[in-house]
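Report on the structure
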Amino acid sequence: MTKSCVAAASPAFLEAVRQIVGKENVIHSAAELLVYECDAYTLEKSPPTLVVLPNTTAEVAAVVRLCAQYNLPIIPRGAGTSLSGALLPVDGGVMIALTRMNRIIHVDTRNRRALVEAGVVNAWITQAVKSHGLLFAPDPSSQSACTIGGNVATNSGGPHTLKYGVTTNHVLGFEMILPDGETVWLGTTPDGGEDVTGYDLRGSVIGSEGMFGVVTRVLVRLIRSPQSQKTMLGIFESVDDASQTVSDIIAAGIVPAALEMMDQLITRAVEEAYKFGFPLDAGAVLIVELDGLSAGLEKQSQQVIEICRRNKARDVRLAQSEKERTDLWKSRKRAFGAIGRISPNFLTQDGVVPRSRLPEIMRFINATSAKYGLRIPNVFHAGDGNIHPLVLYDERDADQVRRAIAAGHDILHKCIELGGSVSGEHGIGVEKISFMEAQFGRDSLDAMQSLRSAFDPDKRCNPHKMFPGSKRCSDFSPRRQAAV
Ligand SMILES: Cc1cc2nc3c(=O)[nH]c(=O)nc-3n(C[C@H](O)[C@H](O)[C@H](O)COP(=O)(O)OP(=O)(O)OC[C@H]3O[C@@H](n4cnc5c(N)ncnc54)[C@H](O)[C@@H]3O)c2cc1C
């Protein structure tokens, strides 16, 4: 573990922060801070100096102002499920966790909007509005834990964003505390005031990984639940056949609500953990969901089944009940959890390739697995070309750590080479800083830094993320020698 470079909180600062939020909402003992030393990217660890759990926007603003006065870094936190180390307190700093601000303030069914606090868990919104025939579309696989504030900061996607779009398409506006403590509202206001002229500052904050300020309340767009759904499981002999099916479905002009692939290793892990009835010898399975008006959906599902068969699907199972459909989604959304049974650690990659290059990248991942002697199961948003190879390793073995990092790097470089990107939805964090120049070029990075400076001239808000030259924990730790 690295040593925090920010001095321990001074007694005066600690007392002032306790005055704002109450003693019970401040965590500063070394043992308790260990809980906050990493997010779901567990390769690097470093504890914050202090964790503050405010209950109101006014408290967040007061804490941020205090940090500005003491020149301390601030790190906004949701549920800590980031997979790229976007939350890592590289140099320590004051972590402001929004998890106690978890109220759904108002649901406006007429205008299909909801005003929620940033710490509301993603899945709670749909639960709260589904009796009105509405839903919140972005559905990351972590949706039962991750928060709306985190979704805004990372512009999260999910299985159903193939048809419905990512977080930015479903967030109308939000309240944010700037790093100097000022409270601003960006985008459409809760009373319906549209902000359609001028720059889209709302859009520029979405995906900024907590580097522009602390989001406190969010106005989300709700959509109507589809009238009907058809969900099916295609079972294939090979990843190539399943990948070709993905391309053929899209080429036929069909836009499924979701199109997800699991390869053999992950299907086995899921089956062994949860017993959904998947064949253990299948090369790959595809979950295809169609939704919309009932009229026409039957014909479209027959078309999809036909395309699967043409690509040598061994079997195509259509969910016959809501329970069967829910079980299929459970199998997909619990896939990462199933890895816990087969490996002590895993590193999730999040590259993107053009859909037509899926077979090529999957073959490359297989070769990378052989090259580094590490298992790499795959479960991913195939319809978006957004791959999630899970590099399995054991963190107690330094050589395995080195090989896992190298394997991840090779895969991401290949994604760039194939005309894709190093992140589809998990962001850059500390993990992918070294890819930014290859992905964007110096001029674009300078432009991004200028935008960041407009929000945070002192670079105190979630520092050491995203930009080349930023420090990582590994700059201080022995892992640096282990890494490539
Ligand atoms: C099992 C698993 C499955 C996943 N599946 C998906 C998926 O399908 N799609 C997907 O996109 N992601 C997925 N993720 C990644 C992760 O869940 C998302 O990035 C999510 O949006 C993070 O939300 P969080 O509340 O946990 O944020 P955190 O991890 O707490 O923070 C993430 C980033 O957001 C910033 N942040 C958090 N809250 C705020 C706030 N209120 N104001 C400003 N900045 C803030 C932080 O500073 C940090 O930079 C998955 C993760 C896991 C562990």
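The rules behind these values
The numbering scheme is per chain: residues are counted from 1 as the chain's sequence reads. Side-chain atom pairs in this predicted model are given and counted only at pLDDT of 80 or more, local residue features only at pLDDT of at least 70, and totals for whole chains, interfaces and linings cover all residues. Excluding hydrogens and water, the side-chain figures rest on all heavy atoms present in the structure. The domain boundaries here were taken from an automatic or database domain assignment. By definition in these notes, contact holds between two residues if any of their heavy atoms fall within 4.5 Å. A quick way to say it: buried area is the sum, across both parts, of accessible area lost when two parts are put together, with a 1.4 Å probe. Salt bridge criterion: a side-chain nitrogen from Lys or Arg within 4 Å of a carboxyl oxygen from Asp or Glu. Between N or O atoms, a polar contact is any pair within 3.5 Å; within protein, one atom must be a potential hydrogen donor and the other a potential acceptor, and residues adjacent in sequence are included only when both atoms are from side chains. Each residue is assigned to one of three groups, with Ala, Val, Leu, Ile, Met, Phe, Trp, Tyr, Cys and Pro labelled nonpolar, Asp, Glu, Lys and Arg labelled charged, and all others, Gly among them, labelled polar. Helix and strand definitions here come from DSSP, where helices need a minimum of 4 consecutive H or I residues and strands a minimum of 2 consecutive E residues; each element is numbered from the N-terminal end. The rule for pairing is simple: two strands pair if DSSP sees at least two bridges between them. Fitted lines through C-alpha atoms serve as axes, helices being fitted only where they are in contact, and the angles separating the N-to-C directions of these axes extend from 0 to 180 degrees.

The next subject is the domain arrangement of the protein chain. Domain assignment breaks the protein chain into domain 1 (104–224), domain 2 (228–339) and domain 3 (343–425). In this structure, domain 1 and domain 2 have C-alpha centres spaced 29 Å apart. With nine residues of domain 1 at the interface, the matching set in domain 2 holds 11 residues. Interface of domain 1 and domain 2: buried area, both sides summed, is about 870 Å²; carbon and sulfur atoms make up 51% of it. Across the contact surface, domain 1 and domain 2 share two salt bridges. Residue Lys333 pairs with Asp139 through a salt bridge whose shortest N-O separation is 3.2 Å. Between the two partners, domain 1 and domain 2, sit six residue pairs in polar contact (both at pLDDT 80 or more). Among the residues making up the side of domain 1 that touches domain 2, the classes are represented as four nonpolar, three polar and two charged.

By the definition in use, this model includes 26 salt bridges. With a closest N to O distance of 2.7 Å, Asp240 and Arg363 form a salt bridge. Here Asp240 is found in helix H8 (residues 239–251), whereas its partner Arg363 is found in helix H13 (residues 358–372), with 123 residues between them in sequence. One salt bridge in this structure joins Arg314 and Asp281, with 3.0 Å as the shortest N-O distance.

A few words on the sheet that holds strand E1 (residues 26–27). Sheet strands pair by backbone hydrogen bonding; their relative direction is either parallel or antiparallel. Pairing in this open sheet of four strands is mixed, and the strands run E1-E2-E4-E3 from one edge to the other. With one partner strand each, in any of the chains shown, E1 and strand E3 (74–77) form the two edges of the open sheet. In the sheet, E1 pairs with strand E2 (residues 50–52) via two bridges, with the strands oriented antiparallel. In the strand pairing of E2, Val26 is matched with Val52. Lying over the sheet, helix H1 (residues 11–21) contacts E1, E2 and strand E4 (94–97), oriented at roughly 15° with respect to E2. Its contacts with the sheet place helix H3 (residues 57–69) against E2, E3 and E4, and it is angled at close to 170° to E4.

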